[in-house]
Amino acid sequence: MIWESPLLLWFFILIPVLIVGVWFRTKSLQKKRTRFFNEELFSTLRRGFWKPGDILRTTFVIVGLSFLLLAFAGPKLGTEVREVKRQGVDMLIALDLSASMNAEDVRPSRLEKAKFEINRLIERLKGDRVGLIVFTGEAYLQSPMTLDYSALKLFLEIADTEQMPSSATDFKAAMETAITAFESLEENETEAAKVLLIISDGEDHGQSYEEPLQNLINKNIYVYTLGIGTDAGTTIPIYEENTSNLIGYKRDRSGKVVTTSLQSDVLREIANKGNGTYYAIERGNDGIDAFLARVDELEKGEFSSQEYADYKNQYQWMGALALFCFTFAYLVPTYRKEN
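Residues numbered from 1 in each chain as written. Predicted model: local features only at pLDDT ≥ 70, side-chain atom pairs only at ≥ 80, totals over all residues. Heavy atoms only, no water.

What's the story with the overall build of the protein in this structure? I'm lost.
Within the protein one finds ten helices and 15 strands. Counting all 339 residues of the protein, 40% fall into the buried class. The contacts in the protein between residues at least 6 apart in sequence include a share of 82% that link residues at least 24 apart. (Helix = DSSP H or I, 4+ residues; strand = E, 2+ residues; numbered from the N terminus. Buried < 20%, exposed > 50% of the residue type's maximum accessible area, 1.4 Å probe, protein only. Contact = heavy atoms within 4.5 Å.)

Just checking my understanding: could you explain the packing of aromatic side chains for this structure?
Any aromatic ring pair is given by two values, namely how distant the centres are and how the planes are angled relative to each other. Here the structure, examined in full by the defined rule, presents eight aromatic pairs. Taking the centre distance of 4.5 Å and the plane angle of 45° together, the rings of phenylalanine 60 and phenylalanine 328 count as tilted. A residue pair is termed long-range when its members are at least 10 positions apart, and phenylalanine 60 in helix α3 (residues 51-73) and phenylalanine 328 in helix α10 (residues 315-331) qualify at 268 residues. Taking relative accessible area as the criterion, phenylalanine 328 reaches 31% and is therefore assigned partly exposed. Taking 6.2 Å as the distance between ring centres and 70° as the angle between the ring planes, the aromatic pair formed by tyrosine 279 and phenylalanine 291 counts as edge-to-face. In this pair, tyrosine 279 sits in strand β13 (residues 278-281) while phenylalanine 291 sits in helix α9 (residues 286-297), placing the two residues twelve residues apart along the sequence. Of the two residues examined, tyrosine 279 and phenylalanine 291, each falls in the buried class. Each member of the aromatic cluster is reached from another via a ring pair, and the members are Phe60, Phe324 and Phe328. (Phe/Tyr/Trp six-rings, centres within 6.5 Å; stacked < 30°, edge-to-face > 60°.)

Can you help me understand the pattern of salt bridges in this one?
Pairing between side chains becomes possible if they bear opposite charge and their charged atoms approach one another. Applying the stated rule across the entire model yields 13 salt bridges. In this structure, arginine 107 engages glutamate 104 in a salt bridge whose closest nitrogen and oxygen atoms are separated by 3.4 Å. The partner of glutamate 112 in a salt bridge is lysine 115, and the shortest N-O contact between them spans 3.8 Å. Separated by three residues within a single helix, glutamate 112 and lysine 115 lie in helix α4 (residues 110-124), roughly one turn from each other. With a relative accessible area of 36%, glutamate 112 lands in the partly exposed category. Exposure remark for lysine 115: the relative accessible area of 7% places this residue in the buried category. A single network of salt bridges, built from pairs that share partners, joins Lys113, Glu117, Arg120, Arg124 and Asp289. (Salt bridge = Lys/Arg side-chain N within 4 Å of Asp/Glu carboxyl O.)

Please clarify how the nonpolar core should be interpreted in this entry.
A general tendency of soluble globular proteins is for nonpolar side chains to be buried together. In terms of nonpolar packing, the biggest core is built from 34 residues, with Met91, Ile93, Leu95, Leu121, Ile199 and Phe291 touching the most fellow members. Put simply, the parts of the chain that give this core at least two residues each are β4 (90-96), α4, β5 (129-135), α5 (149-157), β7 (194-200), β8 (221-228), β13 and α9. Ranked by the residues each element gives to this core, the list is headed by α4, at five residues. For isoleucine 199, the contacting residues outside a window of four places in its chain are Ile93, Ala94, Leu95, Asp96, Ala114, Ile118, Phe135 and Leu226. The next biggest cluster of nonpolar side chains, apart from the first, holds 28 residues, and it includes Ala174, Tyr209, Leu213 and Leu267. (Core = buried A, V, L, I, M, F, W, Y, C linked by side-chain atoms within 4.5 Å.)

What exactly am I supposed to notice about helix α7 (residues 210-218) here?
A turn of α-helix holds 3.6 residues, and therefore any two residues three or four places apart point the same way. Listed in full, the buried residues belonging to α7 are Pro212, Leu213, Leu216 and Ile217. Each buried residue of α7 lies within a common arc of 145° when the element is viewed along its axis, so the set occupies one face. Along α7, the residues that are exposed and aim more than 90 degrees away from the buried face are Glu211 and Asn218. On the buried face of α7, the contacting elements are α6 (171-183), β7, β8 and α8 (264-273). Phi for asparagine 220, located one or two positions after α7, is positive at around 60°. (Arc of directions from axis to C-beta.)

The structure is reproduced here in structure tokens:
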């Protein structure tokens, strides 16, 4: 059993206080009665008084207050199966984890800014199935399509440039992984639009992506791109492991410090060919907002109804028992006719 408002249970401390208060009040009235009336006169004045009824009434009032307090605390017990229908699009987010995403021309870094914007995107989705691909020279399905946005955020949180075996970028690998992920949905095909959102700084060191991009187009998958970084570019910092201590900057094989900048032309070309749109994020968040507005315009499908178990509210039973106790206390007589 769990409680909706467990802090209200602390008010049960007042129940014993109330009982003690009633007992002291009764004793006080008895002392005053003895002072002003003798027993025979008092019995005459209260002819027909039924003491058990008075005790019973007080008891049921106190018990009723206890049940009422339990009702306000909101007890939940057992499970309740509820059916939820979702409508939305099927979306895959491909996040670039190449070393250049550690560049800090966008604060705190390109990668952290991208993760922040993806979190904003997830929080504003309503019923869309979303999955996460991470890629460099290789690509992996970090999170399959899901309606569980909390789980998706956990997968996003652990995404890091250090988890990938390659530090280069290959859009072809990301697109091929996306095709495989979308094909796995065909057995539960809906009318929902399918969207691939590639978030990267645009630096492509891989093979030609023309063939997988055409396959995405043939499967009616919209390809959007989100560029992150600045045209001016910057160096790629290297920090001591698990610390914020800067130990240098990334260098090429000849020992020259590497600089990286946003390659918007590549991302713009992918989006144009993929029936999507290119957006950019430098310091603000206009890009992700514009993308969200575009997604809202796409055709939505109804996904399989989701069933989940939850604790079932039981406050109504506590409230009913409280009402019964108060009603019974009201109906209990404290005086009876004497023969």
